[in-house]
Amino acid sequence: MSWLWSCGERAAAPAVRGICSSFAGLSRHVSSSTHLQHPPLTVLQQEHGIRRIILNNPQQRNALSLPMLQSLQNDILHEADDVNLRAIIISAEGPVFSSGHNLKELTAEYGQGYHMEVFNTCAKLMTLFQTLPVPIIAEVNGLATAAGCQLVASCDIAVASDKSRFATPGVNVGLFCSTPGVALGRAVPKKVALEMLFTGEPISAQDALLHGLVSRVVPEENLKTETNRIALKICQTSHSVVALGKATFYRQMAQSLNDAYKLTSQVMVENLAMKDGEEGIKAFIQKRKPKWTHS
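Residues numbered from 1 in each chain as written. Predicted model: local features only at pLDDT ≥ 70, side-chain atom pairs only at ≥ 80, totals over all residues. Heavy atoms only, no water.

### Re the sheet that holds strand 7 (residues 143-145)
Phase 1: One open sheet holds the four strands; their spatial order is 5-7-9-10, and the pairing between them is mixed. Edge positions in the open sheet fall to strand 5 (96-98) and strand 10 (203-204), since each of these has one partner strand only.
Phase 2: Note that strand 5 and strand 7 share two bridges and pair parallel. Its bridge partner being in strand 7, S98 is matched across the sheet by A144.
Phase 3: Taken strand by strand, helix 5 (residues 147-154) contacts strand 5, strand 7 and strand 9 (165-167), and its axis lies near 100° from that of strand 7. (Pairing = 2+ DSSP bridges. Helix = DSSP H or I, 4+ residues; strand = E, 2+ residues; numbered from the N terminus. Contact = heavy atoms within 4.5 Å. Axes fitted to C-alpha atoms, helices over the stretch in contact; angles between N-to-C directions.)

Quick look at the structure:
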């Protein structure tokens, strides 16, 4: 499989290369959760501190089966605390980003115990996204439905091609998208979420952008370049500052307005006392580029 980073390397500014030069040079990993005779359900590629995890089961429309969820979780947690890891991109092979849960696993033959394991594993994975110290970016090119839409809504940033569509169509097969509704209802206005959940009708990439489900929409041919550009931009920042900021953002979102300001005011004071906080202010005053220690 050819590497996906050639465009990103050519586009990387010298400053980005300098910042990322101390990162792990190059690693490649495939999930071991599938049998060796079958293609891996996910593929992990990493370079210059940017990890790309590819959903690699297009024949099954990249369904989030229990093995797929476990494989994706393993790839996300792989050396997740390494300071050299700066961003994670989740993309997919084929015309469907993810069709959601594998309905064949949700039949009566599997039983409620297995069904609970599927939904609990999915919930743990989606909540894991917010606790990880680095930004997670969804790169969507095609259809994202049900738990696949939930996956997009759970990421910190989402970049979609103009051909992408999003839906929560479970109601049409008698299984309301209750768990996808958790992430969707926190990403878009309530009435938009409920219309999607009640009707199952898909929305376009432009409507997803309008309602806040994705961060930006670009032509399909520019999708990887734009996603890499955002990830490379993150590489220019301090790992420790971004980790602090991400954790604080999600924490304050669950608080009242007054409590949120109390929390974030205290965090900003702590941020200023960090080495990279001090360095960033000094560099700005001295009109030079900061030299991050990521501490």
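### Focus: the layout of surface pockets
Phase 1: As a volume, the largest pocket reaches approximately 700 Å³.
Phase 2: The set of elements that each furnish at least two residues to the lining of the largest pocket consists of helix 4 (111-131), helix 5, strand 8 (157-161), helix 6 (178-187) and helix 10 (239-253).
Phase 3: With five residues, the top contributor of residues to the lining of the largest pocket is helix 6.
Phase 4: For the lining of the largest pocket, the per-class residue count stands at 16 nonpolar, seven polar and two charged.
Phase 5: Mapping the lining of the largest pocket onto the domain boundaries places at least three of its residues in each of domain 1 (42-236) and domain 2 (239-286).
Phase 6: In this structure, the second largest pocket encloses a volume near 430 Å³. (1 Å grid on protein atoms, 1.4 Å probe; cavity = no way out; pocket = protein on both sides within 12 Å on 5 of 7 lines; lining within 4 Å. Points joined across faces, edges and corners; volume = space filled by probe spheres on them. Nonpolar A, V, L, I, M, F, W, Y, C, P; charged D, E, K, R; others polar. Domains from an automatic or database assignment.)

### A closer look at the environment of V182
Phase 1: Here V182 is to be found in helix 6.
Phase 2: For the pair formed by V182 and A123, sequence separation is 59 residues and the distance between their alpha carbons is 9.6 Å.

### Overview of the packing of aromatic side chains
Phase 1: Applying the stated criterion across every chain, the model contains three aromatic pairs.
Phase 2: A ring pair is formed by Y110 and Y114, whose centres lie 4.8 Å apart and whose planes are at 45°; its orientation type is tilted.
Phase 3: Taken together, a centroid distance of 5.4 Å and an interplanar angle of 80° make the contact between F249 and Y250 edge-to-face.
Phase 4: Taking relative accessible area as the criterion, F249 reaches 44% and is therefore assigned partly exposed.
Phase 5: You can call Y250 partly exposed: its relative accessible area is 22%. (Phe/Tyr/Trp six-rings, centres within 6.5 Å; stacked < 30°, edge-to-face > 60°. Buried < 20%, exposed > 50% of the residue type's maximum accessible area, 1.4 Å probe, protein only.)

### A closer look at helix 6
Phase 1: Considered for burial, the residues of helix 6 that qualify are P180, G181, A183 and L184.
Phase 2: Packing partners of the buried residues in helix 6 comprise helix 5 and helix 7 (190-199).

### Topic: the pattern of salt bridges
Phase 1: A full pass over the atoms with the stated rule returns six salt bridges.
Phase 2: E139 is the salt-bridge partner of R52, the closest N and O atoms lying 3.0 Å from each other. Of this pair, R52 sits in strand 3 (residues 50-55) while E139 sits in strand 6 (residues 136-140), and the two are 87 residues apart along the sequence.
Phase 3: For E226, the salt bridge is made with R216, and the minimal N-O distance between the two is 2.9 Å. Of the two residues, E226 is situated in helix 9 (residues 223-235) and R216 in strand 11 (residues 216-218); the sequence distance between them amounts to ten residues.
Phase 4: Judged by relative accessible area, which is 35%, R216 ranks as partly exposed. (Salt bridge = Lys/Arg side-chain N within 4 Å of Asp/Glu carboxyl O.)

### Here we look at the nonpolar core
Phase 1: Core analysis: the largest hydrophobic core is formed by 51 residues, its most contacted members being I76, I88, I90, V152, F166, L213 and V214.
Phase 2: For this core, the element with the highest residue contribution is helix 4, accounting for six residues.
Phase 3: Counting twelve residues, the second-largest nonpolar core is a separate cluster that includes I50, I89, I137 and C235. (Core = buried A, V, L, I, M, F, W, Y, C linked by side-chain atoms within 4.5 Å.)

### With respect to the environment of T131
Phase 1: In this fold, T131 is placed in helix 4.
Phase 2: Given a relative accessible area of 60%, T131 falls into the exposed group.
Phase 3: Each C-alpha atom, one on T131 and one on A243, is 9.3 Å from the other, the two residues being 112 residues apart in sequence.
Phase 4: One polar contact links the side chain of T131 to the main-chain carbonyl oxygen of L128, over a distance of 2.9 Å. (Polar contact = N/O pair within 3.5 Å; in protein donor to acceptor, adjacent residues only side chain to side chain.)

### A closer look at the environment of V267
Phase 1: Mapped onto the elements, V267 comes out in helix 11 (residues 257-273).
Phase 2: For V267, the residues in contact, after removing those within four places along its chain, are L244 and T248.

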